[in-house]
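# Working through the structure, step by step
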Amino acid sequence: MNAPTKPPEARQRADVEILTLGCRLNAYESEAMRALAHEAALSNAVIINTCAVTGEAVRQARQSIRRARRERPDAEIIVTGCAAQIDPQSFAAMPEVSRVIGNAEKMRAESFAQTHERVAVADIMSVRETASHLIDGFAERTRVYVQVQNGCDHRCTFCIIPYGRGNSRSSPAGEIVEQIKRLAANGVPEVVLTGVDLTSWGADLPGQPQLGALVARILKLVPDLPLLRLSSLDAIEMDNQLFELVTQSDRVAPYLHLSLQHGDDMILKRMKRRHSRAQAIELCQRVKEARPEIALGADLIAGFPTETEEHFANLLSIVDACGLAYVHAFPFSPREGTPAARMPQVERRVVKERAARLREAGAAALERHLNAWVGREEMGVVERDGFARLPDFTPVQFSGGGEGHRRLRFTGHDGQHLIGAAA
Ligand code: SF4
């Protein structure tokens, strides 16, 4: 879990600071909250957009609140995000906290008015609309996240997210296209479609369009957008049109981050995931056959309750079986209120040890991926001085400066990044 990001102007102590924890959806919403707080004439305040995906994330939220109060003794401390949505009273009880607002409320300007009630957190399960806001871009970011969907109708047994974000709801395609037109017109080189359960986009819209139809519409109606990327998705729920576009269009980034979670059928069943080991492997092979340059990443959880050494072996072997380049390895973290927290737990020491072995398998996979690039050249998007990313999400440290799109030649790697120079 990354430390909360502060945009550059915070260093001069911006009047209203926004600290963002957690996922890309939070990052997008923080950008929207910046405009909403301004609209409400909020001043001398710190907004903390929290995450609840793990116990560690909630601990960091509390830590950030205490630090903000120390650093800004007279500012208003407003806490929002999934941790505040799931357990508002525990944050309201913190002496450092001025107000707590929910995930739906944070997308309304009036919630930031100084007169608003101290705790404003509605039942997130009753929310039916996405509250999308047009943004112009992200401070200093070459890659801009656009929310197309929120919430989730699934109930994976380890996951607390639906309790923070509610049920699935989609932003209308027209609004999304307008948003992306605006970003492309501002010269943004890359847009990332993001949501909680991206592949459920459209299920609640008239005619139930699928994510593939949305991507096709964006590529057609925003011809000046250089690259469209998809954030994490439930690969098994990819529709045929989406598969076609991801594997055929060079304006769709050759990178898929899969929400696989495990590699053993029994554990996948106990997680209430919707795919089997064989289905995951078959899909990855089909994607790689259709577009060999595509890179695959996945979220994987080690130490899920009842996981035996045999189950764990199937988790480890899914890395190679799916040809993954990036592995986000998570030690299982019981979330109070989820079914998995009530299952027989694996010993903490064993959970940590297995997560370390999974990370090692991930490091070896990344090493193979980076080795395959050494000696070659590719166009990258410069994110900051000396750092760029390739379309397949490979990070590059390079000499020779420059910005925007740069042709780069790769001479080696450090196990994490390619090392290169402007070609
Ligand atoms: S699909 Fe499962 S893991 Fe993903 S947000 Fe929904 S409940 Fe959580």
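Residues numbered from 1 in each chain as written. Predicted model: local features only at pLDDT ≥ 70, side-chain atom pairs only at ≥ 80, totals over all residues. Heavy atoms only, no water.

The environment of the ligand is made up of Cys-152, His-154, Cys-156, Phe-158, Cys-159, Ile-161, Pro-162, Val-196, Arg-273 and Arg-274. Per-class residue counts for the shell around the ligand are seven nonpolar, one polar and two charged. (Near = heavy atom within 4 Å. Nonpolar A, V, L, I, M, F, W, Y, C, P; charged D, E, K, R; others polar.)

For the chain, the assigned domains are domain 1 (9–122), domain 2 (143–371) and domain 3 (377–422). The C-alpha centroid of domain 2 is placed 27 Å from the C-alpha centroid of domain 1. Facing the 16 residues of domain 1 at the interface are 19 residues of domain 2. Looking only at domain 1, the three residues that lose the most surface to domain 2 are Arg-24, Leu-25 and Tyr-28, adding up to 47% of its buried area. Among the ionic pairs, Glu-29 bridges to Arg-165, the shortest N-O distance being 2.9 Å. Taken together, domain 1 and domain 2 are joined by five residue pairs in polar contact (both at pLDDT 80 or more). Breaking the side of domain 1 that touches domain 2 down by element, the ones donating at least two residues are helix H1 (24–39), helix H2 (55–71) and helix H3 (82–86). Tallying contributions element by element places H1 first for the side of domain 1 that touches domain 2, with six residues. Class assignment for the residues of the side of domain 1 that touches domain 2 results in eight nonpolar, five polar and three charged. (Domains from an automatic or database assignment. Contact = heavy atoms within 4.5 Å. Buried area = accessible area lost by both parts, 1.4 Å probe. Salt bridge = Lys/Arg side-chain N within 4 Å of Asp/Glu carboxyl O. Polar contact = N/O pair within 3.5 Å; in protein donor to acceptor, adjacent residues only side chain to side chain. Helix = DSSP H or I, 4+ residues; strand = E, 2+ residues; numbered from the N terminus.)

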